[in-house]
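# Report on the structure
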Amino acid sequence: MAPDDPELAILGEKVDHKRSRYPYAIVWTPIPLLTWMLPFIGHMGIAMSSGVIRDFAGPYFVSEDHMAFGRPTKYWMLNPAKVKGGTRGWDTAVSDASEEYRHHMHNLFCDNCHSHVALALNTMHYDRSTSWNMIKLCFLMLIYGKYVSVCAFLKTWLPFLILAGGAVTLALVV
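To keep things clear, this report deals only with the structure shown in the data block. (Residues numbered from 1 in each chain as written. Predicted model: local features only at pLDDT ≥ 70, side-chain atom pairs only at ≥ 80, totals over all residues. Heavy atoms only, no water.)

Right, let's get into the overall build of the chain. Helix and strand counts for the chain stand at five helices and eight strands. Starting at the N terminus and ending at the C terminus, the chain contains elements arranged as β-β-β-α-β-β-β-β-α-α-α-β-α. Relative to the compact-globule value of 16 Å for 174 residues, the chain shows a C-alpha radius of gyration of 17 Å, a close match. Buried residues in the chain amount to 43% of all 174 residues. (Helix = DSSP H or I, 4+ residues; strand = E, 2+ residues; numbered from the N terminus. Rg over C-alpha atoms; globule rule 2.2 N^0.38 Å. Buried < 20%, exposed > 50% of the residue type's maximum accessible area, 1.4 Å probe, protein only.)

Below is the structure:
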């Protein structure tokens, strides 16, 4: 994308891949082993209007500015104009969801990083909806998420392709 791409600038805030700043975005990174087998499953966080990322990184812990599994490889830009309360509503909802999740036990299957992001979106009534959930977010990130670089794409898909290729080769040989 060109540096002057309007998608990279929302209300004057710009994406900065080098500093991992993604204002008004949901971000995603692979989880080793799990993403290698199911490349659409990974770790998710949500950024404040400043671009600083918050992610539910483990039991009773929401990290700020350091995602649990490394720098984002994908991001999905959202529109703060679709938030009840605009920028202030966005930041308040992300902060409130983060505070809530500081009191949650992490569960890989039903109360995880995707749930944290869903709570933030539900709290801010993003796109007039309060029906955000981890399945919807997983699917929409797969469709709308943009890779930050070619290397990020390879980090996500190459292990899966190697494993799948090995499985197919093994199946053909045996």
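That was the structure; now back to the text.
Here we take up the pattern of salt bridges. For side chains of opposite charge, pairing can occur when their charged atoms come near one another. Counted under the stated rule, the structure contains four salt bridges. A salt bridge links Arg-21 to Asp-65; the shortest N-O distance between them is 2.5 Å. Note that Arg-21 is positioned in the loop between strand 2 (13–14) and strand 3 (25–30) and Asp-65 in the loop between strand 6 (61–64) and strand 7 (74–77), a separation of 44 residues in sequence. Arg-21 gets classed as buried once you look at its relative accessible area, which sits at 13%. Glu-99 is paired through a salt bridge with Arg-102; the nearest N and O atoms lie 3.4 Å apart. A relative accessible area of 29% places Arg-102 in the partly exposed class. (Salt bridge = Lys/Arg side-chain N within 4 Å of Asp/Glu carboxyl O.)

What follows covers the packing of aromatic side chains. Applying the stated criterion across every chain yields a total of nine aromatic pairs. Taken together, a centroid distance of 6.4 Å and an interplanar angle of 85° make the contact between Trp-90 and Tyr-126 edge-to-face. With a gap of 36 residues between them, Trp-90 in helix 2 (residues 86–101) and Tyr-126 in the loop between helix 3 (113–123) and helix 4 (134–144) connect regions that are remote in the sequence. Here the two residues Trp-90 and Tyr-126 agree in accessibility, since each one is buried. Among the aromatic residues, those joined into a cluster by ring pairs are Tyr-24, Trp-76, Trp-90, Tyr-126, Trp-132 and Tyr-144. It is Lys-74 that lies over the ring of Trp-28; its NZ or CZ is 5.0 Å from the centre. (Phe/Tyr/Trp six-rings, centres within 6.5 Å; stacked < 30°, edge-to-face > 60°. Lys NZ or Arg CZ within 6 Å of the ring centre and 35° of its normal.)

Take the packing of helix 3 against helix 4 next. Closest axis-to-axis distance for the helix 3/helix 4 pair is 8 Å, and the angle between their directions is 95°. Between helix 3 and helix 4, the interaxial angle falls into the category roughly perpendicular. Taken together, the residues of helix 4 that come into contact with helix 3 (itself represented by His-114, Ser-115, Val-117, Ala-118 and Leu-121) are Met-134, Leu-137 and Cys-138. Grouping the constituent residues of the contact of helix 3 with helix 4 by class yields six nonpolar, two polar and no charged. (Axes fitted to C-alpha atoms, helices over the stretch in contact; angles between N-to-C directions. Parallel < 35°, antiparallel > 145°, perpendicular 65-115°, else oblique. Contact = heavy atoms within 4.5 Å. Nonpolar A, V, L, I, M, F, W, Y, C, P; charged D, E, K, R; others polar.)

Turning our attention to the side chain of His-116. Checked against the element boundaries, His-116 lands in helix 3. Every residue in contact with His-116, bar those within four places of it in the chain, is listed here: Ile-46, Arg-54, Asp-55, Phe-56, Val-62, Ala-97, Ser-98 and Tyr-101.

Note that every value here comes from positions in space, so none of it alone points to a role or purpose.
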